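The chain contents come next:
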Amino acid sequence: VAAGTVERVREIEGLAYVESPRTAQMVVEGLDRVTVVGVSPRLAEVTGAETLLGSAGNTDTDTGFDPGGHPVMLVSGDQLEALGVEPGESVELRVDGTARGFTVYPSALATASGTAAPVVLAEVLEDLARESTRGMVWGVAAPGIDRDHLADQMDLVAGADPEVSLSGALSERGDLTEVLDLLVALALVMLLVTVVISGLGVANTLSLSVLERTREVALLRALGLSRAGLYGTLAVEAVVVCQLGAVLGVLLGVPFGLVGVDAIVGGTAPLEVAVPWSALGLVLASALGVGVLATLVPAARAARVAPAEGLTHG
């Protein structure tokens with residue numbers, strides 16, 4: 001990566017730490033040919049890779065072991081499965097034909113570049129590889145930063161250097177956000193159609209109820225029930241029906257939604273439950289409005305019927 005590109009990345013606002021780690025192409029037993037990344041202890045500390053910091057990092061060039069234990073290698077979940085080892089297990093791997101001992105852990109740091117690339121401390125990489133290059137630039141976002149703004153700045157840097165490509169969590173987040181925004185928009189359109197249909201259904205139910213209870217309504221009117229009171233009576237009935245449906249929808253929809261999200265992303269990311277109470281409150285309020293609006297036509301029809309005419313209804 002050109003030095004000018006590295007400097008432009010360092011000048012981006014919102015990055016807590018920037019490093020250009022050295023990389024080397026190696027053949028690792030069980031993983032075939034991979035790019036091994038050597039990071040500094042500072043990057044390991046900033047990214048929370050405590051397992052790397054626990055390594056002595058000084059391997060013997062002949063055996064691959066050091067007096068205090070094996071150096072740590074961070075790999076992706078798929079690579080850990082391909083190696084057939086458990087997290088924290090020590091294993092002897094042949095790296096470019098030489099036997100080396102490592103303690104292996106899964107880590108998201110191994111996929112930070114967009115592809116699975118094992119990560120070791122820089123001094124371990126120097127011992128493993130005869131030649132290495134600065135083939136990457138890693139930036140760690142500061143806590144609470146506007147990620148969309150940061151991603152835009154990164155896009156400008158990547159666009160200025162045709163020799164580099166932008167990857168990682170920020171770029172993936174942008175792509176996923178666009179897809180999710182489209183899905184949410186489609187869901188809202190379907191929800192709007194559902195609300196219209198449900199409003200028509202409630203109005204139809206009330207209309208049938210008014211027709212079946214014509215004599216009852218006429219009797220109430222004859223006993224002194226005003227038109228406003230009739231409107232209110234039917235409105236309460238409609239609101240109860242809508243609220244009951246909305247509450248049942250929330251009680252059934254939230255658990256099914258959590259199960260659905262867990263089925264989609266549960267294997268790739270930890271599930272964080274965050275129920276949108278404000279949105280659910282808006283749903284309940286919308287159900288209230290639908291109930292009131294659905295009352296207008298049936299109530300107007302019932303109010304037009306004279307009490308004497310309604311009492312003679314067969």
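Conventions and cut-offs
- Residues numbered from 1 in each chain as written.
- Predicted model: local features only at pLDDT ≥ 70, side-chain atom pairs only at ≥ 80, totals over all residues.
- Heavy atoms only, no water.
- Helix = DSSP H or I, 4+ residues; strand = E, 2+ residues; numbered from the N terminus.
- Buried < 20%, exposed > 50% of the residue type's maximum accessible area, 1.4 Å probe, protein only.
- Areas by Shrake-Rupley, 256 points an atom, 1.4 Å probe, with all protein chains shown as cover.
- Patch = residues over 30% accessible without salt bridge, like charges linked within 9 Å, V, L, I, M, F, W, Y side chains within 5 Å.
- Salt bridge = Lys/Arg side-chain N within 4 Å of Asp/Glu carboxyl O.
- Axes fitted to C-alpha atoms, helices over the stretch in contact; angles between N-to-C directions.
- Left-handed = near helix turned anticlockwise from the far one by under 90°.
- Nonpolar A, V, L, I, M, F, W, Y, C, P; charged D, E, K, R; others polar.
- Pairing = 2+ DSSP bridges.
- Core = buried A, V, L, I, M, F, W, Y, C linked by side-chain atoms within 4.5 Å.
- Contact = heavy atoms within 4.5 Å.
- pLDDT = per-residue confidence, 0-100.
- Arc of directions from axis to C-beta.
- Expected span 1.5 Å × (residues − 1).

As for the overall build of the protein chain
Reasoning step 1: For the protein chain, the count of helices and strands is 11 helices and 8 strands.
Reasoning step 2: Burial analysis of the protein chain (314 residues in total) assigns 33% to the buried set.
Reasoning step 3: Working note: accessible area of the protein chain is about 18500 Å², and carbon and sulfur atoms make up 61% of it.

Description of a nonpolar patch on the surface
Reasoning step 1: Residues L176, V179, L180, L182, L183 and L186 make up a contiguous nonpolar surface patch of roughly 590 Å² in combined accessible area.
Reasoning step 2: Along the chain, L176 falls in helix α7 (residues 169-212).
Reasoning step 3: Looking at L176, the relative accessible area reads 54%, which means it is exposed.

Some thoughts on the packing of helix α9 (residues 227-265) against helix α10 (residues 277-304)
Reasoning step 1: It is at 7 Å that the axes of α9 and α10 come closest, and there the two elements cross at 145°. Once α9 is placed against α10, the crossing between them reads as right-handed.
Reasoning step 2: Within the contact of α9 with α10, the residues separate by chemical class into 23 nonpolar, 3 polar and 1 charged.

Overview of the pairing of strand β6 (residues 98-106)
In regular strands, side chains alternate between the two faces of the sheet.
Reasoning step 1: Across 4 bridges, strand β4 (residues 72-75) lies against β6 in parallel orientation. Considered in β6, the bridge of V75 is made with P106.
Reasoning step 2: Here 7 bridges tie strand β5 (residues 89-95) to β6, and the two strands are oriented antiparallel to one another. Counted as the bridge partner of V95 is T98 from β6.
Reasoning step 3: Between β5 and the antiparallel strand that follows it, β6, lie 2 residues; D96 among them carries a positive phi value of about 55°.

Looking at the nonpolar core
Nonpolar side chains in soluble globular proteins tend to be buried together.
Reasoning step 1: Membership of the largest hydrophobic core comes to 37 residues, with the highest contact counts inside it found for M26, V28, L52, F102, V104, V119 and W138.
Reasoning step 2: Apart from the residues lying within four places of it in its own chain, the contact partners of V119 are V37, V39, L52, V72, M73, L74, L109, A110 and W138.
Reasoning step 3: Judged by nonpolar contacts, the second largest core, of 9 residues, contains V202, A238, C242 and V290.

What to know about the confidence of the model for the protein chain
Reasoning step 1: In the predicted model, the protein chain carries a mean pLDDT of 79, and 90% of its residues have values of at least 70.
Reasoning step 2: Within the protein chain, the element-level pLDDT minimum falls on helix α11 (residues 307-311), averaging 70, and the maximum on strand β7 (residues 119-121), averaging 88.
Reasoning step 3: Scored below 50 in pLDDT, residues 56-68 shows 27 contacts in the model against residues more than four places distant or in partner chains.

Concerning helix α8 (residues 214-222)
Reasoning step 1: Residues T214, V217, A218 and R221 constitute the buried set of α8. The buried residues of α8 all sit within an arc of 100° when viewed along its axis, so they share a single face.
Reasoning step 2: Of the residues one or two after α8, G224 is the one with positive phi, at around 115°.

Some thoughts on the pattern of salt bridges
Reasoning step 1: Applying the stated rule across the entire model yields 2 salt bridges.
Reasoning step 2: E7 is paired through a salt bridge with R10; the nearest N and O atoms lie 3.8 Å apart. With E7 and R10 both in helix α1 (residues 3-10), this residue pair falls 3 residues apart, about one helical turn.
Reasoning step 3: The class for R10 is partly exposed, based on a relative accessible area of 42%.

Examining the environment of S76
Reasoning step 1: For S76, the location among the structural elements is in the loop between β4 and α4 (77-83).
Reasoning step 2: For the pair S76 and A112, spaced 36 residues apart in the sequence, the C-alpha separation amounts to 9.8 Å.
Reasoning step 3: Excluding its chain neighbours within four sequence positions, the residues that come into contact with S76 are S107, A110, T111 and A116.

Details of the side chain of S40
Reasoning step 1: Along the polypeptide, S40 turns up in the loop between β3 (32-39) and α2 (41-46).
Reasoning step 2: Residue classification places S40 among the buried residues on the basis of a relative accessible area of 19%.
Reasoning step 3: In this view, S40 contacts Y17, E19 and L121; residues no more than four positions away in its chain are not counted.

Focus: helix α6 (residues 147-160)
Reasoning step 1: Taking 1.5 Å of rise per residue, 14 residues should cover 20 Å, and α6 covers 20 Å from first to last C-alpha, within 8% of that figure.
Reasoning step 2: Looking only at α6, the buried set comprises L150, A151, Q153, M154, V157 and A158. End-on, the buried residues of α6 take up no more than an arc of 160°, which puts them together on one face. Away from its buried face, by an angle of more than 90 degrees, α6 presents the exposed residues L156, G159 and A160.

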